[in-house]
Amino acid sequence: MKERYSRQILFKPIGEKGQERLASSHVVIIGCGALGTTTSEMLVRAGVGKLTIADRDYVDMSNLQRQQLFTEQDALEGTPKVIAAKRHLEKIREDVNIETVLDHVDGPLLEQLVIDADLIIDATDNFETRLLINDVAWKHGIPWIYGACVQSTGVVFPFVPGKTACFRCLLPVLPSVSQTCDTAGIIAPAAQMVASYQCAEALKWLTGNEEALRTKLLHFDIWNNSFVEAGISRIKNPACPTCSHQPTYPTLTKQEGANYAVLCGRDTVQVIPDSERKMTIFDGEIVARRLGLTYRLTDFFIEFHIDDYRCILFQNGRMLIHGLKEISEGRKLYHQLFG
Amino acid sequence: MIKVIYFAVAREMVGKGEETLKVENLTVKQLLEWIGSSYPAFDQTGMQVAINEEYAMLDDTVKAGDVCAIIPPVSGG
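Here the structure is a predicted model, which is why all the values come from computation and not from measurement.

Enquirer: Hey, could you run me through the packing of helix α3 (residues 34–46) of chain A against helix α5 (residues 81–92) of chain A in this one?
Expert: The angle between the axes and the distance between the axes are what describe a pair of packed helices. All names here are of chain A. Contact geometry for α3 and α5: axes closest at 10 Å, N-to-C directions at 25°. The pairing of α3 with α5 is recorded here as roughly parallel in orientation. Like other packed secondary-structure pairs, α3 and α5 cross with a definite hand, here right-handed. Here Thr37, Ser40, Glu41, Val44 and Arg45 of α3 come into contact with α5, specifically with Ala85, Leu89 and Ile92.

Okay, structure coming up:
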C-alpha cells in the first residue's frame, strides 16, 4: 500500500493521513465519456476507496479519440460504457470498489446514489443533468465539481453547498442552443485538462485541504493559449430555488408518464417508459420478430433497425433511437413499435 | 477605455481574441448590444460577462479601465 502510493504520500498536503482519507472515500461520477473515464482512472490510481459511475450510453468508435479507458474491442461490441470502464479500472487496481449504474440519471436515482458519497464529479454532457446534480448536492450537502469542455476550451469549478453560489445562480436560464462535442468537436487535450483540474479539486477536498479549492471558475482555451477566471459571489441569487434559505429543488419533482429527450447533438432520441410500464429486452425481441427485423442481442441490450433508424433497447426498458432529431418523431416511432 | 476579451466561441464569432474600446460607463447589456451590432455573427444568447474576474449582472456598469470577458456557456463532456 505504502509503496504503491509513495509518491503521492510524499506530496506534503496529502501525506499518510490524506492517503488514508482517500482509501475511505466514496466518489460518485455522473457520466462516463471523456471526463468520466479520465477522472475515474485518476481517482482509482490515487487510491479512492469506492467509485460509483453512472452512464446511459455504450462505447462507439467516435469515443476512442479521447475517452481513454476504452478500446476498439469495446466499440466493436458496443459494450455499455460503465461496464467497459469497470472492467478496465479493476485491471488497474484490484482492491477498488466500483459500483456501475447503466441508466439515465434522474432525481430519485441520483439521491439514492449519493447517500454515503463524499463528492460528486460532473462528467455529463448537458446542462439539465448538471442542474439535477446541483439540486441533489445542495439538498444533501455534498460538494460537486463542475467540468465541461468543447473544441479546445474547458471550464472547471468546485461548487460547495453553504460556501459558494450554486450552478443555478450561474445559469438561471438554460441556453436553448449551446455547442456540444458532437456538433462543434473536441480535442482530447481539452478534455484531459478539464478532468485533471477536476481531479485536483477532488484530491483537495477528499484529503481535507478545503482551503486550497479554487474560488473562481476557470475557463481555458488550450489552442488559443488563453484563460479567464471569474468569481460567482456577485451573481448569487438570494431567491435561488436551490441555494437560498427556502429551497424547492425544482429538478427533483417527479415526472409522470414516459420521458422523451433528445441527446446532446447526436441525432438520438431517448425514451424512458412510464414507471408503471415494464419493458425488457424480450419485448424488443418479440416486436423485432413480429416485424421481421434483423436484430442483435447482447447481455445488455437488443439492437434492431427499422427504416433508417437504429434502435437500442436496454434491459430496464430505456430505448435509444439513433437517426432522429425530433422528440415527436421518437414518440411516434416508439408508439408504432410498442403501442 | 475598456478591454474586452472574447472567449471560446465568442472569439470565433467576432474573429478576434480581444480589443480595447473607447467607451465607458455603459451597462453590461449595452456592451453586449454594442458587440452584437458591430459583429453581425455575434449571438449573445447565453453569453455571460465577467468584469475584472467576477461574473456580472446585465445592469452592472462597466467603468473606465475595466476588463470584460465575454464567456459562452460550456456543456460538453
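After that view, the rundown keeps rolling.
Enquirer: Would you explain the nonpolar core in this entry?
Expert: The tendency in soluble globular proteins is for nonpolar side chains to be buried side by side. Of all hydrophobic cores here, the largest spans 116 residues; its most connected members are A:Val27, A:Ile120, A:Val194, A:Ala202 and B:Ile70. For this core, the element with the most residues is helix α10 (residues 188–206) of chain A, which contributes eleven residues. No fewer than three residues from each of domain 1 (6–252) and domain 2 (259–338) of chain A sit in this core. When sequence neighbours within four positions are dropped, the list of residues in contact with A:Ala202 reads A:Val27, A:Leu43, A:Leu119, A:Ile121 and A:Ile145.

Enquirer: What is the right way to look at the interface of chain B and chain A in this model?
Expert: Reports often express the size of an interface as the amount of accessible area lost when the parts come together. The interface is formed by 21 residues belonging to chain B together with 37 residues belonging to chain A. Sorting the residues of the side of chain B that touches chain A by element identifies α1 (9–14), β5 (54–55) and β7 (67–71) of chain B as the ones contributing at least two each. The residue makeup of the side of chain B that touches chain A, split by class, is twelve nonpolar, six polar and three charged.

Enquirer: I tried to follow the domain arrangement of chain A on my own but got confused; where do I start?
Expert: Residues and elements named next belong to chain A. Here the domain parsing of chain A yields domain 1 (6–252) and domain 2 (259–338). On the domain 2 side, the residues contacting the twelve residues of domain 1 number ten residues. Of the residues in the side of domain 1 that touches domain 2, the class split is three nonpolar, five polar and four charged.

Enquirer: For this particular structure, what's the right way to read the packing of α3(A) against α10(A)?
Expert: All names here are of chain A. Between α3 and α10, the shortest axis-to-axis distance is 9 Å and the interhelical angle comes to 40°. If you check the angle between α3 and α10, you find them oblique. Here the hand of the crossing between α3 and α10 comes out right-handed. Seen from α3, the contacting residues are Ala34, Leu35, Thr38, Thr39, Met42, Leu43 and Ala46; seen from α10, they are Ala191, Gln192, Val194, Ala195, Gln198, Cys199, Ala202 and Leu203.

Enquirer: Which parts of the structure should I look at to understand the environment of A:Ser196?
Expert: Take A:Ser196: it is sitting in helix α10. The sequence separation of A:Ser196 and A:Ile281 amounts to 85 residues, and the corresponding C-alpha distance is 38 Å.

Enquirer: Would you mind showing me how to read the pairing of strand β12 (residues 301–306) of chain A here?
Expert: Within a regular strand, side chains alternate between the sheet's two faces. Residue and element names in this part refer to chain A. As paired strands, strand β11 (residues 295–297) and β12 are joined by three bridges and run antiparallel to one another. Residue pairing in the sheet places Arg296 in a bridge with Glu303 of β12. Between β11 and β12, which pair antiparallel and follow one another directly, the connecting turn spans three residues. Across six bridges, β12 lies against strand β13 (residues 309–314) in antiparallel orientation. Counterpart to Ile306 in the pairing with β13 is Tyr309.

Enquirer: What am I meant to see in the environment of A:Leu297 here?
Expert: All names here are of chain A. Within the element layout of this structure, Leu297 appears in strand β11. Using a count of 14 C-beta atoms within 10 Å as the deciding quantity, one classes Leu297 as partly exposed. If we ignore the near neighbours within four places in the chain, the residues touching Leu297 are Ile281, Glu285 and Ile302.

Enquirer: How should I be thinking about the sheet that holds strand β7 (residues 217–221) of chain A in this particular structure?
Expert: Sheets are built from strands that pair by backbone hydrogen bonding, the pairs being arranged parallel or antiparallel. Residue and element names in this part refer to chain A. Pairing in this open sheet of eight strands is mixed, and the strands run β3-β2-β1-β4-β5-β6-β7-β8 from one edge to the other. Taken across any chain shown, the strands that pair with only one partner, and hence form the sheet edges, are β3 (97–102) and β8 (226–230). Pairwise comparison of adjacent strand axes, ignoring direction, gives a mean angle of 15° for this sheet. Bridge analysis of β7 against β8 gives five bridges, and the strand direction is antiparallel. Counted as the bridge partner of Asp221 is Ser226 from β8.

Enquirer: How should the confidence of the model for chain B be read in this particular structure?
Expert: Low-confidence regions, as indicated by low pLDDT, have predicted coordinates that should not be scrutinised in detail. Within chain B, residue pLDDT values average 94, and 100% of them lie at 70 or more. With a pTM of 0.89, the predicted complex shows an ipTM of 0.94.

Enquirer: Please explain the sheet that holds strand β9 (residues 259–263) of chain A as it appears in this structure.
Expert: All names here are of chain A. The strand order across the open sheet built from six strands is β9-β10-β14-β13-β12-β11, with neighbouring strands paired in antiparallel fashion. Every interior strand has two partners, whereas the edge strands, β9 and β11, have only one. Averaged over all pairs of adjacent strands, the angle between strand axes in this sheet comes to 15°, irrespective of strand direction. Packed onto the sheet, helix α11 (residues 281–290) meets β11, β12 and β13 and runs at close to 30° relative to β12.

Enquirer: Explain unusual backbone geometry to me, please; I cannot follow it from the model alone.
Expert: Positive phi, close to 55°, is recorded for A:Asn225, a residue that is not glycine. Assignment of secondary structure puts A:Asn225 in the loop between β7 and β8. Since 9 C-beta atoms lie within 10 Å of it, A:Asn225 is described here as exposed. The phi torsion at B:Asn52 lies on the positive side, around 45°, for a residue other than glycine. Within the secondary structure, B:Asn52 is located in the loop between β4 (48–51) and β5.

About the cut-offs
- Residues numbered from 1 in each chain as written.
- Chains lettered and ligands numbered in written order.
- Predicted model: local features only at pLDDT ≥ 70, side-chain atom pairs only at ≥ 80, totals over all residues.
- Axes fitted to C-alpha atoms, helices over the stretch in contact; angles between N-to-C directions.
- Helix = DSSP H or I, 4+ residues; strand = E, 2+ residues; numbered from the N terminus.
- Parallel < 35°, antiparallel > 145°, perpendicular 65-115°, else oblique.
- Left-handed = near helix turned anticlockwise from the far one by under 90°.
- Contact = placed C-beta atoms within 7 Å.
- Core = buried A, V, L, I, M, F, W, Y, C linked by C-beta atoms within 7 Å.
- Buried ≥ 20, exposed ≤ 12 C-beta atoms within 10 Å, placed from the backbone.
- Domains from an automatic or database assignment.
- Nonpolar A, V, L, I, M, F, W, Y, C, P; charged D, E, K, R; others polar.
- Pairing = 2+ DSSP bridges.
- pLDDT = per-residue confidence, 0-100.

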